[in-house]
Protein chains: 2
Amino acid sequence: MSLKILFSARPGLWDAYETPLRAALDEVGIVAEVGPDLGPPEAVDYIVYAPNPDLRDFAPYTRLKAVLSLWAGVETIAGNETLIAPLTRMADPGLKEGMTEWVTGHVLYHHLNIGHALARQSGTWEPYVPPLARDRRVAVLGLGELGGAVARALANLGFEVRGWSRRPREIEGVRCVSGPDGLTEALSGAHFVVCLLPGTPMTENIVDAAALRSTATGAVLINPGRGTLINDDALIEALDTGQLGHAVLDVFRKEPLPASHRFWAHPGITVTPHVASETRPTSAARFIAENIRRSEDGADLLARVDRASGY
Amino acid sequence: MSLKILFSARPGLWDAYETPLRAALDEVGIVAEVGPDLGPPEAVDYIVYAPNPDLRDFAPYTRLKAVLSLWAGVETIAGNETLIAPLTRMADPGLKEGMTEWVTGHVLYHHLNIGHALARQSGTWEPYVPPLARDRRVAVLGLGELGGAVARALANLGFEVRGWSRRPREIEGVRCVSGPDGLTEALSGAHFVVCLLPGTPMTENIVDAAALRSTATGAVLINPGRGTLINDDALIEALDTGQLGHAVLDVFRKEPLPASHRFWAHPGITVTPHVASETRPTSAARFIAENIRRSEDGADLLARVDRASGY
């Protein structure tokens, strides 16, 4: 019997996903009608979902077996009380790889002071030798799929990595801490702080003035997680006093970041336009198809959201 | 009995090495008189060596047990026929780590197009999502201590790495090739070319016009190895036609690179002042001390130079 899989996202995204999603479903042997318009809600089996203001009420989808988010962050939907069916986050390997590459690249850019070299192209031979990674401490806040992968990659490169998460975790080569005291310990003396926590009420403004006082002087803050994790005023103040040396921000409370926003003009801030964890359609479609196959086979879903904690 | 260890290098280097070298010898239990002036050559047991125009004739050092180079590259001394004692290269872990960090940082800078992001800080939200590392090919020329470590690190990050060396090698996760045909295979379709070959007559100008035609269009050349590896005219031509997208050069035929040299002004070239493989005195001193201990115990020396091949 053919399934009905609704693709619910902002206009335009379907164009990017139609071919890879059909191919991925085909690969795992799922026969389905799939697209953005499938007729009556009560006939829909699955919803492939990206934040979409037009879909707020899931109650009419009476036979819904699961909602499969195209995004790793699910805060726009996790608290929706009309949604009873299981919800899964995006956790395709491409997402993890892209995030790891983006964070590692920006950490090394500042670690090696590449900007200094780029500004010295007028014939001045002035060797600057940075300390080794093993003499630099990195705090990774959030040790889920993305944070865990980033922490491992930076530890592999030799950095002294401390990871913090709400619930205790274990990652080889990484000193993992949890709870409120653990946060101060993770940040203490850190030369780099990487924010990869989910956006929940508990994590809002977790990087505040007190947190920023714990790092090494001149630390570099890297936020590819959620804009809400950071207290914006505390960030600007820490940059202006020199407590922070630089901030690389990929996510914001409002996106696109308005052209008039003070972050753009601040010399201590690099803005990137939410590209660190961009989902690549080919690998994301494979992940979605695999989860639908699992659901049909009665197997556990990958990256299922714990609705109580919101991620 | 106390050994005599001559420190032979350009003036100034002894200041950086005296404390770490004495400490490292002490750690391995070697009692020695060590310094830049030790009296008659025939009493010297070991020479710690960095390129030094004042020491050309090793014949008077009749009881010499080994020469321990502070540099990874030994081409200024390997062919010296007055030197009969064993010669070792510098191969301390700090050197390998520093090189790996430097190459990885510069590869990721271009892979992620960080320069593009840095130039877009005036309020323009224009997402640019690079391909994943797994969709980019890197050719590492030279698979010794440094090249091998770099190849492994880039493969760990997901890049498709091909390594080339004169003698066949095996590195997990890296497709290793050797010989003249292997060179074309390694370079074929490469988006990044990392040069870490030793400077020998065989490797001079190995990156020539033909080699540069094999890479992917717009490839990035990264040379932290030796200035002689690259044909300078072929490099400039490949950059000017767009066959190469960029070159990051850390080593040159003449150093410091003269302020008037065309490399400084070329928009497609980033010059760094020979910092990629800077030896850090603390870890280098430990390596030297360990080799002296091995020699005294009759054990095999680490990183002993094969005088016939010159590295």
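With respect to the interface of chain A and chain B
Accessible area lost upon the coming together of the parts serves often as the stated size of an interface. Taken residue by residue, the interface counts 48 residues in chain A and 48 residues in chain B. Interface area, chain A with chain B, both sides summed: about 4,000 Å², of which 68% is carbon and sulfur. Its largest share of buried area at the contact with chain B, chain A owes to Glu 101, Trp 125 and Trp 264 of chain A, together 20% of the area lost on that side. Connecting chain A to chain B are two salt bridges. Of the charged contacts, one joins Arg 134 of chain A and Glu 97 of chain B as a salt bridge, the two residues approaching to 2.8 Å between their closest N and O atoms. Counting every contact that joins chain A to chain B gives 10 residue pairs in polar contact (both at pLDDT 80 or more). Looking at the side of chain A that touches chain B, the elements with two or more residues in it are helix H2 (93–111), helix H3 (114–118) and strand E12 (269–271) of chain A. If you tally residues by element for the side of chain A that touches chain B, the top one is H2 of chain A, at 13 residues.

Things to note about the domain arrangement of chain A
Residue and element names in this part refer to chain A. When the domains of chain A are assigned, the result is domain 1 (3–92 + 279–297) and domain 2 (96–271). If you average the C-alpha positions of domain 1 and of domain 2, the two centres end up 32 Å apart. Across the boundary between the two partners, domain 1 contributes seven residues, which contact six residues of domain 2. Both sides of the domain 1 and domain 2 interface together cover about 460 Å² of buried area, and 35% of this is carbon and sulfur. Residue Arg 89 pairs with Glu 145 through a salt bridge whose shortest N-O separation is 2.9 Å. Viewed at the interface, domain 2 and domain 1 are joined by three residue pairs in polar contact (both at pLDDT 80 or more).

Looking at the sheet that holds strand E11 (residues 244–249) of chain A
All names here are of chain A. The strand order across the open sheet built from seven strands is E8-E7-E6-E9-E10-E11-E12, with neighbouring strands paired in parallel fashion. Looking at strand neighbours, the two that pair on one side only are strand E8 (175–178) and E12, the edges of this open sheet. Direction aside, the axes of adjacent strands within the sheet are offset by 15° on average. Here strand E6 (residues 137–141) pairs with strand E7 (residues 160–165) via five bridges, running parallel. Note that in E7 the partner of Val 140 across the bridge is Gly 163. The strands that helix H7 (residues 232–241) touches are strand E10 (219–223), E11 and E12; relative to E11, the one it contacts most, it runs at about 140°.

A look at helix H7 (residues 232–241) of chain B
Because each turn of an α-helix spans 3.6 residues, side chains separated by three or four positions end up pointing in the same direction. All names here are of chain B. Within the span of H7, buried status applies to Asp 232, Ala 234, Leu 235, Ile 236, Ala 238 and Leu 239. Among the structural elements, helix H6 (209–214), strand E10 (219–223), strand E11 (244–249), helix H8 (262–265) and strand E12 (269–271) are those in contact with the buried residues of H7. Where H7 begins, the side chain of Asn 231 points an oxygen toward the backbone nitrogen of Asp 233, at a separation of 3.0 Å. Phi turns positive, to about 90°, at Gly 242, one or two residues after H7.

A closer look at the sheet that holds strand E9 (residues 192–195) of chain B
All names here are of chain B. Spatial strand order, E8-E7-E6-E9-E10-E11-E12: seven strands in an open sheet with parallel pairing. One side of each edge strand has no neighbouring strand; the edge strands of this open sheet are strand E8 (175–178) and E12. Between one strand axis and the next, the sheet turns by 15° as a mean value, whatever way the strands run. In this sheet, E11 lies alongside E10 in parallel orientation, the contact comprising five bridges. Its bridge partner lying in E11, Val 220 is registered against His 246.

Some points on the packing of aromatic side chains
Each aromatic ring pair is specified by the distance between its two centres and by the angle formed by the two planes. As enumerated under the stated definition, the model contains 15 aromatic pairs over all chains in all. Summarising the aromatic geometry, the rings of Phe 7 of chain A and Tyr 17 of chain A are spaced 5.7 Å apart at their centres and angled 40° between planes, so their arrangement reads as tilted. Taken together, the positions of Phe 7 of chain A in strand E1 (residues 3–8) and Tyr 17 of chain A in helix H1 (residues 13–27) put the pair 10 residues apart, joining distant regions of the chain. Here the two residues Phe 7 of chain A and Tyr 17 of chain A agree in accessibility, since each one is buried. Geometrically, the ring pair formed by Tyr 109 of chain A and Tyr 109 of chain B is stacked, given 5.8 Å between the ring centres and 10° between the ring planes.

Describing the relation of the copies chain A and chain B
The transform that puts chain A on chain B rotates by 180° and translates by 0.0 Å along the axis, for an RMSD of 0.1 Å. This pairing of chains is accounted for by a two-fold axis. No C-alpha of chain A approaches the rotation axis more nearly than that of Gly 105 of chain A, which lies at 3.0 Å. A share of 100% of interface residues in chain A that are also interface residues in chain B marks the association as one of identical surfaces.

Conventions adopted
Residues numbered from 1 in each chain as written. Chains lettered and ligands numbered in written order. Predicted model: local features only at pLDDT ≥ 70, side-chain atom pairs only at ≥ 80, totals over all residues. Heavy atoms only, no water. Contact = heavy atoms within 4.5 Å. Buried area = accessible area lost by both parts, 1.4 Å probe. Salt bridge = Lys/Arg side-chain N within 4 Å of Asp/Glu carboxyl O. Polar contact = N/O pair within 3.5 Å; in protein donor to acceptor, adjacent residues only side chain to side chain. Helix = DSSP H or I, 4+ residues; strand = E, 2+ residues; numbered from the N terminus. Domains from an automatic or database assignment. Pairing = 2+ DSSP bridges. Axes fitted to C-alpha atoms, helices over the stretch in contact; angles between N-to-C directions. Buried < 20%, exposed > 50% of the residue type's maximum accessible area, 1.4 Å probe, protein only. Phe/Tyr/Trp six-rings, centres within 6.5 Å; stacked < 30°, edge-to-face > 60°. Least-squares fit on C-alpha atoms with pLDDT ≥ 70 in both.

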